[in-house]
Amino acid sequence: MSSETPPASAPWAEEGTPNPSQDPAENQGSGEAEGLGPMSKRQMKKLMRQKQWEDQRELRKQKRKEKRQKRKLGRQEPGEADAGGGGGDSRKRIRRAAVPSPLRLIVDCAFDHLMALKDVKKLHKQIQRCYSENRRALHPVQFYLTSHGGQLKKNMDENDKGWVNWKDIHIKPEHYTEFVAKEELVYLTSDSPNVLKELDESKAYVIGGLVDHNHHKGVTYKQALEQGISHAQLPLGDFVRMNSRKVLAVNHVFEIILEYLETRDWQEAFFTILPQRKGAVPADQAPDASPPDPEGGSDSDVSSSEKLNGDPPDRARGERKPDKENDTQTENFPTH
């Protein structure tokens, strides 16, 4: 009698279970054939985005590796003289290698009254991310929080008491127009007809601190007009085509600017920071601009504000995993 046992069948060999190695379209067909009903348009989009994410895994890995090597070389060169000293805090050596930028980046927190508490909490997380990224950047900006008060301050006092000890940041209850000359201000809003080509490091760029889920479209643009200050939108459309609206969260606009200051390349900055769910592709590789995704989530009106919940504060800039709650849009860069 043979002691051999028949090989166990693959778990997907059971009737009606799709093979994960198959193309999403094939799985859809098999589902229909088994009488399970056609896959919805939303499910198909999700599968296609996941497949695109998997297909580009190696490319992202290589880009991250190259960027790490580039940063390592940039940080080692000014620290060669200290290399023989031994000991010491490596983080301090990296911090000394940073070259601060005179560019001022302001998060305008004057929209507290337009947000529900849950959205104020999302804005708080985005601000935390901005602070964290600026502290580790090669060219940190002069970071300001203005009109700080109301629900936002109360939430920070209750859930992040350490904010009072934050370094390299100016947190002010006053409005930015009280201490910055109007001719130096540029409001970043997606509704502006002006496209920003270069960053002027003598200017102060304002990002609207608003997570509104499109309830207050155009509010930041309107504010810029009423205050008589310059306005512009990031050159997203010149370099990127997306399958959703041009709406970014506060922290994404902030990180894109930090990345641009390091690379002086808008396209690299966009593709390093933009979340995967945006389905971004280079503009010169997209035959036609994709129409807005009606199910694109809770994007707010700011090409400059997107969610931050989902990216831990200590996560390095670069790859974005398929977003869940990592990108809560606010109203800022292309904002309202």
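Refer to the structure presented above.
Here goes a summary of the coordinates provided. (Residues numbered from 1 in each chain as written. Predicted model: local features only at pLDDT ≥ 70, side-chain atom pairs only at ≥ 80, totals over all residues. Heavy atoms only, no water.)

1. So, the packing of helix α9 (residues 250–263) against helix α10 (residues 266–273)
- One way to put it is that α9 packs onto α10 with a least axis distance of 8 Å and a crossing angle of 140°. It follows that α9 is oblique to α10 by the angle criterion. The hand of the α9/α10 crossing is right-handed. Between α9, through His-252, Glu-255, Ile-256, Glu-259, Tyr-260 and Thr-263, and α10, the contact on the second element is made entirely by Trp-266, Glu-268, Ala-269, Phe-270, Thr-272 and Ile-273.
- Split into classes, the residues belonging to the contact of α9 with α10 amount to six nonpolar, three polar and three charged. (Axes fitted to C-alpha atoms, helices over the stretch in contact; angles between N-to-C directions. Helix = DSSP H or I, 4+ residues; strand = E, 2+ residues; numbered from the N terminus. Parallel < 35°, antiparallel > 145°, perpendicular 65-115°, else oblique. Left-handed = near helix turned anticlockwise from the far one by under 90°. Contact = heavy atoms within 4.5 Å. Nonpolar A, V, L, I, M, F, W, Y, C, P; charged D, E, K, R; others polar.)

2. Re the sheet that holds strand β6 (residues 230–232)
- Ordered in space as β3-β2-β1-β5-β4-β6, the six strands form an open sheet in which the pairing is parallel. The sheet is open, and its two borders are formed by β3 (169–171) and β6, each paired with just one other strand. Going from strand to strand, the sheet's axes swing by 25° on average, the running direction of each strand aside.
- Pairing between strand β2 (residues 142–146) and β3: three bridges, direction parallel. Bridging from a neighbouring strand, Phe-143 pairs with Ile-169 of β3. (Pairing = 2+ DSSP bridges.)

3. So, α10
- Trp-266, Ala-269, Phe-270, Thr-272 and Ile-273 are the residues of α10 that are buried. Seen end-on, α10 carries its buried residues on one side only, within an arc spanning 165°.
- Of the residues flanking the start of α10, the one acting as N-cap is Asp-265, its side-chain oxygen 3.0 Å from the backbone nitrogen of Gln-267. (Buried < 20%, exposed > 50% of the residue type's maximum accessible area, 1.4 Å probe, protein only. Arc of directions from axis to C-beta. Polar contact = N/O pair within 3.5 Å; in protein donor to acceptor, adjacent residues only side chain to side chain.)

4. With respect to the pattern of salt bridges
- Per the counting criterion, the structure on display carries twelve salt bridges.
- For Asp-119, the salt bridge is made with Lys-122, and the minimal N-O distance between the two is 3.9 Å. Placement of the pair is Asp-119 and Lys-122 together in helix α5 (residues 117–136), with a separation of three residues, close to one helical turn.
- Classification of Asp-119 by relative accessible area gives buried; the value is 6%.
- The buried category is assigned to Lys-122, whose relative accessible area is 16%.
- A salt bridge links Glu-133 to Arg-129; the shortest N-O distance between them is 3.0 Å. Remark: Arg-129 and Glu-133 occur in helix α5; sequence separation between them is four residues, near one turn of the helix.
- When its relative accessible area of 0% is taken as the criterion, Glu-133 is described as buried. (Salt bridge = Lys/Arg side-chain N within 4 Å of Asp/Glu carboxyl O.)

5. A closer look at the packing of α5 against helix α6 (residues 150–159)
- Closest axis-to-axis distance for the α5/α6 pair is 9 Å, and the angle between their directions is 65°. Compared by their axis directions, α5 and α6 come out roughly perpendicular. Here α5 and α6 pass one another in a crossing that is right-handed. Of the residues in α6, those touching α5 at Leu-117, Val-120, Lys-121, Leu-123, His-124 and Ile-127 are Gln-151, Leu-152, Asn-155 and Met-156.
- Of the residues assigned to the contact of α5 with α6, the class counts are six nonpolar, three polar and one charged.

6. A closer look at the packing of aromatic side chains
- Across all of its chains, the model carries seven aromatic pairs by this definition.
- Geometrically, the ring pair formed by Phe-239 and Phe-270 is tilted, given 6.3 Å between the ring centres and 45° between the ring planes. Taken together, the residues span a long stretch of sequence, with Phe-239 in helix α8 (residues 236–239) and Phe-270 in helix α10 at a distance of 31 residues.
- In this structure Phe-270 comes out as buried when scored by relative accessible area, which is 0%. (Phe/Tyr/Trp six-rings, centres within 6.5 Å; stacked < 30°, edge-to-face > 60°.)

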